[in-house]
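# Understanding the architecture of this molecule
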Amino acid sequence: MHNMIDSYSARRHQLMAHMQQGIAVIPTASEVRRNGDAHYPFRFDSYFHYLTGFDEAEAVLVLVANPASTGAVPQGDNEKNSAPQSILFCLEKDHEREIWDGFRYGPAAAREKFGFDAAFPISQLDEKLTELMGNQNAIYYPLGLHDAWDKRVLALRAKVLAQVRSGIAAPHALQDVRFLLDEMRLIKDHLEIDAMRRAANISAAAHVRAMRATRPGMMEYEIEAELLYEFRKNGAQAPAYTSIVASGANACVLHYINNNAPLRDGDLLLIDAACELQGYASDITRTFPVNGKFTAAQKDVYEIVLAAQLAAIAAARPTGYWNDPHDVALRVLAQGFIDLKLCAGTVDAVLESGDYKKFYMHRTGHWLGKDVHDVGAYKLAGKWRVLQPGMVLTVEPGCYIRPADNVPQDLWNIGIRIEDDVVITGQGCEVLSAAAPKTVADIEALMKRT
Ligand code: GLY
Ligand code: MN
Ligand code: MN
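Description of the structure in this document. Nothing here was measured: the structure is a model prediction, and the numbers come from that model. Each residue is numbered by its place in its chain's sequence as written, counting from 1. All chains are assigned letters beginning at A, and all ligands numbers beginning at 1, according to the order in which they are written. Under the rules for a predicted model, residues below a pLDDT of 70 receive no local features and side-chain atom pairs below 80 are neither given nor counted, while totals for whole chains, interfaces and linings still include all residues. Hydrogens and waters are ignored; side-chain quantities use all the structure's heavy atoms.

## Side note on the environment of Ala315
- Labels follow the DSSP assignment, with helices taken as runs of H or I lasting at least four residues and strands as runs of E lasting at least two, numbered in each case from the N terminus. As for its placement among the helices and strands, Ala315 is situated in the loop between helix 11 (296–314) and helix 12 (324–339).
- Accessibility here uses a 1.4 Å probe with only protein chains present; expressed as a share of the type maximum, an area under 20% marks a residue as buried, one over 50% as exposed, and anything in between as partly exposed. Given the relative accessible area of 9%, Ala315 is considered buried.
- Residues Ala315 and His207, spaced 108 residues apart in sequence, show a C-alpha to C-alpha distance of 25 Å.
- By definition in these notes, contact holds between two residues if any of their heavy atoms fall within 4.5 Å. Sequence-distant contacts of Ala315, defined by excluding residues within four places in its chain, comprise Asp324, Pro325, Val328 and Leu387.

Listed below in structure tokens is the structure:
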């Protein structure tokens, strides 16, 4: 059907249609210094990339929703002047710098390749923006995201204000462009879902690799290395977040990332790790026995978390509410906690008192997309929003049992989470990460030692 470049262009037009009037200024991320001359790996800004597909640093997208009102647009063909404009500012070609830093498009090639109406060197941004802002009613940009951009946009607006005696009006409103873009990003098109399916498949393969590699006596970081190997081997650019490889009691630390403990025979290993592919995240957790076989106690807890997860996935469907999977998972978990003697009373009483929070203290999922915790409102007008085809979310119930007097000792230090990525479809949902095994039988079969 349409290719990627067309869909970026379509997104820009959709944003300008939402804006109706005004100018949008959307910078990509900056390089971040790690120390000395070394930088962290560059990651573009998700909003900028969503609208451009352009992955160089030092670039800014400017959209003029109604250029006819701008003094800066040359007079001539009226129809052309009133068409919305997409303008890229990026680094100039520089053969000397490219010897050190590698290829860059430069404005002319970037315009051609990525389908912008115009492109200019980033060095001209302030000058051109001052012209383009003239007679626009509003500036849309990521308001409050970066101090430096807030200051710069206000300074440019002040320059336009100073031109009042030339009859040029300055924008009177500053709008956070993210409110419009968040809603657009929440519904993924088929190209995005395809990228997310491929990302999830690579991540699932990494979990399979980790299960196969795990042996008592190895270190958590050795398993992390297996995951990272599989991500990069399959072309994923980076992990979507820092991998959690947490064995034994470490699994009860929700954001454990030290990954430096030895794997002990008889312990479980919780891995929350997944890759980013072409700017799209996956997010998968699997929990399995270090020695390949669940103990009776581990299995009891595992089956409860798995039942909660399957029930939650079944509740992820169009016309259902965002919160349905969480509510459904909570009921299954609460009953399980009662059965395990972790909680007492009825399911309703456990939910009402919040007693379950000692063992399950996070929510059952989040939006997933270009960001691992992706953008998009969870409530609209005070009500959980209705799920729609194209929304992608994680389903990730868990159970984390810390040692305590009133907790059965055979359950101490069991930490389990099972996390999949699902896209809402016309009928229900598709589990993008289904290739990572999660039943006790499938995991034990995969890990069977001969
Ligand atoms: N890996 C981050 C999360 O599960 O939310
Ligand atoms: Mn996760
Ligand atoms: Mn998650």
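## A short note on the coordination of the manganese ion (ligand 3)
- Protein coordination at the manganese ion (ligand 3): the donors are Asp283 (OD), His366 (NE2), Glu396 (OE) and Glu419 (OE), at 2.0 to 2.2 Å from the metal.
- Donor atoms: N, O and S within 2.8 Å of the metal, or within 3.2 Å for Na, K and Ca. Because water is excluded, sites can look incomplete. The rule is simple: four donors are tetrahedral if all their angles sit between 85 and 135 degrees, four are square planar and six octahedral if opposite donors span more than 155 degrees and the others lie between 65 and 115, and anything that fits none of that is irregular. Around the manganese ion (ligand 3) sit 6 donor atoms, and with donor-metal-donor angles ranging over 50 to 153° the site reads as irregular.
- One chain supplies every donor for the manganese ion (ligand 3), spaced along it as D-x82-H-x29-E-x22-E.
- In this structure, the manganese ion (ligand 3) lies 3.3 Å away from the manganese ion (ligand 2), the two metals sharing Asp283 as a donor. Of this pair, Asp283 sits in the loop between strand 13 (280–281) and strand 14 (285–289) while Glu419 sits in the loop between strand 19 (415–417) and strand 20 (420–424), placing them 136 residues apart in sequence. Glu419 carries the same exposure label as Asp283, and that label is buried.

## Looking at the coordination of the manganese ion (ligand 2)
- Within the protein, the manganese ion (ligand 2) binds to Asp272 (OD), Asp272 (OD), Asp283 (OD) and Glu419 (OE); these donor distances fall in the range 2.0 to 2.4 Å.
- Given 6 donor atoms and angles of 56 to 169° at the metal, the environment of the manganese ion (ligand 2) is assigned as irregular.
- Along the chain, the residues donating to the manganese ion (ligand 2) fall in the pattern D-x10-D-x135-E.
- The class for Asp272 is buried, based on a relative accessible area of 7%.
- Relative accessible area serves as the criterion here: at 4%, Asp283 is assigned to the buried category.

## Examining unusual backbone geometry
- If you check the backbone angles, Lys341 has positive phi at about 65° while not being a glycine.
- When you line up the elements, Lys341 lands in the loop between helix 12 and helix 13 (347–353).
- The backbone of Ala381 sits at a positive phi, close to 50°, despite the residue not being glycine.
- Examined against the element boundaries, Ala381 turns out to sit in the loop between strand 15 (379–380) and strand 16 (383–384).

On their own, these measurements won't tell you what the molecule is for.
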